[in-house]
Each structure stands twice: as C-alpha cells, then as structure tokens.
Amino acid sequence: MSAFRPTILIFDSGVGGLTVLEPIRAARPDAHFVYLGDTAFFPYGEREEDELIARVVSVIDKAVAQYKPDLVVIACHTASTLVLPALRARLTIPIVGTVPAIKPAAESSQSRLISVLATKGTVKRDYTTALIRDFAGDCEVTLVSAARLAGLAEDALHGLPVADADLRAEIEPAFIEKGGRRTDRVVLACTHYPLLLAGLERVAPWPVTWIDPAPAIARRVVQLLGDSPIGAQGADDGFVMLTGADDWSPSLLSAFAERGLSPIAI
Ligand code: DGL
C-alpha cells in the first residue's frame, strides 16, 4: 500500500509565501505542493477589508475546488488576520494561518521593547491589537507600517536591485532607544520580509533578533498532517500559479524551480 501523499495549497498575495513553503517542504518533502500567488491583486496591505475578504474567499474557493488540497496554508498575515473565520466557515479541510509572531517575541525579549514590522492592513487589524493585549501586555510594542517593504521583496525576487537606503527607511522606525534600553526583537509580520533578511541585517541600526513565523507554521502543518513516511523522497512535481499572467521573470522562475515548482497557467 502506498503512503498517503498530501496535497498542500500555499497561498499568498505574491511571492512572500515562499518563505513559508520552505520549512514546510523541509518537513514534508514528499507532499505535493500547489502555490498560488494573487499577484493581480497585490499589494494586499493597501486593500480595504471588505474587498480583501471577498477576494480571498473567491480565489481560495476556486483553488480548493480545482486542486482538492488536504490542507491550505494562508501564508500571508494581511489575509490571515482578516479572512480565517470566513474560510473556516466554508471549508472542512484544515486552514493554517500566518499571524504576527508577537507571543514568541514577547516571551524572549530582554529589553521589553519589541517592534512589529507589517503591512498597513496588518498593523491596523483588531487581530493584531488582541495579540498585543493577550501576549505582550508587559512590553512596549511599536507597530511599524512598512509601506514599501513587500514590494521591495517582490523586486528582489525578480532580480531587480534593492537599495540599502530604501530598506533602512522602511525599518528605522522599528528601532527604539529608551531609558538605556533598545529594541531587541523585531517581528517580521509579513511573509515577504524574510526574503530581504540579509539586507535588513545589513542596514539595521543595531543587531536584533528577527522573528519569522515560518518554522512554527511548518510545525503546525506536521501536527495536522503527520510526519513524512520513513524514507520519503523529496518531490519536485509541485506547481505555481500567479493570478497576474504577466508577472513572470527568469529570476522568479528559477526561485520557484529551486523549490521544485513549475509554473502553470490559471
Ligand atoms: N505577504 C503579505 C503578508 O504576509 C503582504 C504583502 C501585501 O501587501 O500583499 O502580509
């Protein structure tokens, strides 16, 4: 009897979900991956809440009907902080969301000054406010709406140059000095940002621990689907679809190919 080979749908507004795909693929190399990037509607961070809920529900409904995944990962904070209840009400398969990793930041911060770097949408969500209230009540939390950072990450993946000055301008408000203390944890609350990590480290005013939620997401996926069967081989028959038909570049194609994903038309 052959082992159960799950199909996992990874969804993001663009290419940021690659940072979440990576540890999931490492944990379940045998899975069949379908990656869907809603690049035609990018950036989600600037969208109104009503239009975003309607959009994500409709895109996910169609993808689930067509690809019949065993599990869906909403690899986008801007979407997850808003649409998880609507999706869970419609679908019976598990939906794993990606929400700001405020809890681990607060648990580990020494200085009690933590910052959350996110899109405009994620910064203003009630969900984010509730996470701060519930898990970081004894920290001073600085919310930074990074208007251009997700776009810069898309540029980087397309092989376009990203200037250090632009990165610095986006992250500087996250670095706070107060009464001899300094910010020591920065939550990367947008899946695009870890794509720029080397640059962020280079331009940071001082070293901090950057908190990326992706490893925790991968652990949750394994909890729900189980471990890979012993001796499972890595598969590279996954595929990727972007809703913006003209959004391909050679650099992007190779970024997906390195992760075993080939492009298909929607
Ligand atoms: N990748 C998305 C997130 O995690 C945001 C980028 C966008 O504005 O679309 O929040």
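Look above for the structure.
The following paragraphs examine the structure supplied in this document.

Each value, and the rule that gives it
Residues numbered from 1 in each chain as written. Predicted model: local features only at pLDDT ≥ 70, side-chain atom pairs only at ≥ 80, totals over all residues. Heavy atoms only, no water. Helix = DSSP H or I, 4+ residues; strand = E, 2+ residues; numbered from the N terminus. Rg over C-alpha atoms; globule rule 2.2 N^0.38 Å. Buried < 20%, exposed > 50% of the residue type's maximum accessible area, 1.4 Å probe, protein only. Contact = heavy atoms within 4.5 Å. Areas by Shrake-Rupley, 256 points an atom, 1.4 Å probe, with all protein chains shown as cover. Pairing = 2+ DSSP bridges. Right-handed = clockwise from strand over helix to strand, strands pointing away. Near = heavy atom within 4 Å. Polar contact = N/O pair within 3.5 Å; in protein donor to acceptor, adjacent residues only side chain to side chain. Nonpolar A, V, L, I, M, F, W, Y, C, P; charged D, E, K, R; others polar. Axes fitted to C-alpha atoms, helices over the stretch in contact; angles between N-to-C directions. Parallel < 35°, antiparallel > 145°, perpendicular 65-115°, else oblique. Left-handed = near helix turned anticlockwise from the far one by under 90°.

**A few points about the overall build of the protein**
Helix and strand counts for the protein come out as eleven helices and twelve strands. Taken over C-alpha atoms, the radius of gyration comes to 18 Å for the protein, in line with the 18 Å a tight globule of 266 residues would show. Principal-axis analysis of the C-alpha atoms gives the protein an extent of 65 × 40 × 40 Å. Looking at the protein as a whole, 53% of its 266 residues qualify as buried. The long-range share in the protein, meaning contacts at least 24 apart out of those at least 6 apart in sequence, stands at 75%. Of the accessible surface of the protein, which amounts to about 11,700 Å², a share of 53% is contributed by carbon and sulfur atoms.

**Focus on the side chain of serine 115**
Within the fold, serine 115 resides in strand 5 (residues 113-118). What serine 115 contacts, discounting residues up to four positions off in sequence, is Thr142, Ala174, Thr183, Arg185, Val186 and Val187.

**Side note on the pairing of strand 2 (residues 32-37)**
Burial analysis of strand 2 places six of its six residues in the buried class, the great majority of the element. Burial along strand 2 is two-sided: the residues His32, Val34 and Leu36 and Phe33, Tyr35 and Gly37 are all buried. Bridging between strand 1 (residues 7-12) and strand 2 involves six bridges; their strand directions are parallel. The residue of strand 2 that forms the bridge with threonine 7 is histidine 32. As for the winding sense of the linkage, the β-α-β connection from strand 1 through helix 1 (residues 18-27) to strand 2 is right-handed. By the bridge criterion, four bridges tie strand 2 to strand 11 (residues 238-242) in an arrangement that is parallel. Within the sheet, the bridge partner assigned to tyrosine 35 lies in strand 11 and is valine 240.

**A look at the site of the ligand**
Taken together, 14 residues surround the ligand, and among them Ser13, Tyr44, His77, Thr78 and His192 come closest. Side-chain polar atom of threonine 78 to an oxygen atom of the ligand: 2.5 Å apart, as the coordinates give it. At 2.9 Å from an oxygen atom of the ligand is found a main-chain nitrogen or oxygen belonging to threonine 191. Protein coverage of the free-state accessible area of the ligand, which is 300 Å², stands at 99%. Of the residues assigned to the shell around the ligand, the class counts are six nonpolar, seven polar and one charged.

**Some details on the sheet that holds strand 12 (residues 261-263)**
Read across the open sheet, the six strands follow the order 4-3-1-2-11-12; overall the sheet is parallel. Two strands close off the open sheet at either side, each with one partner strand: strand 4 (95-97) and strand 12. Each strand of the sheet is rotated relative to its neighbour by a mean of 20°, with strand direction disregarded. Direction of pairing for strand 11 relative to strand 12: parallel, over a ladder of three bridges. Paired with phenylalanine 239 across the two strands is serine 262, which belongs to strand 12.

**Thoughts on the packing of helix 2 (residues 49-67) against helix 3 (residues 77-90)**
To characterise two packed helices, one gives the angle between the axes of the helices and the distance between these axes. Where helix 2 contacts helix 3, the two axes come as close as 9 Å, and the packing angle between them is 55°. Judged by the inter-axis angle, helix 2 sits oblique to helix 3. Pair helix 2 / helix 3 crosses with right-handed handedness. Each of Glu49, Leu52, Ile53, Val56, Val57, Ile60 and Asp61 in helix 2 lies in contact with helix 3, whose residues at this interface are Thr78, Ala79, Leu82, Val83, Ala86, Leu87 and Arg90. Class assignment of the residues belonging to the contact of helix 2 with helix 3 gives a composition of ten nonpolar, one polar and three charged.

**Things to note about unusual backbone geometry**
In this model, phenylalanine 42 is joined to proline 43 through a cis peptide bond whose omega is 0°. Along the chain, proline 43 falls in the loop between strand 2 and helix 2. Unlike most non-glycine residues, lysine 68 shows phi in positive territory, near 45°. Tracing the chain through its elements places lysine 68 in the loop between helix 2 and strand 3 (71-74). Among the residues examined, lysine 68 registers a relative accessible area of 58% and is labelled exposed. Its identity as a non-glycine residue notwithstanding, arginine 112 has a phi of 65°, on the positive side.

**Observations regarding the sheet that holds strand 6 (residues 140-145)**
Taken in spatial order, the four strands line up as 6-5-9-10 in an open sheet, and their pairing is parallel. Every interior strand has two partners, whereas the edge strands, strand 6 and strand 10 (209-211), have only one. In this sheet, neighbouring strand axes are inclined to one another by 25° on average, regardless of whether the strands run parallel or antiparallel. With four bridges joining them, strand 5 and strand 9 (residues 185-188) adopt parallel strand pairing. Note that in strand 9 the partner of valine 116 across the bridge is valine 187.

Purely geometric numbers; function is a separate question.
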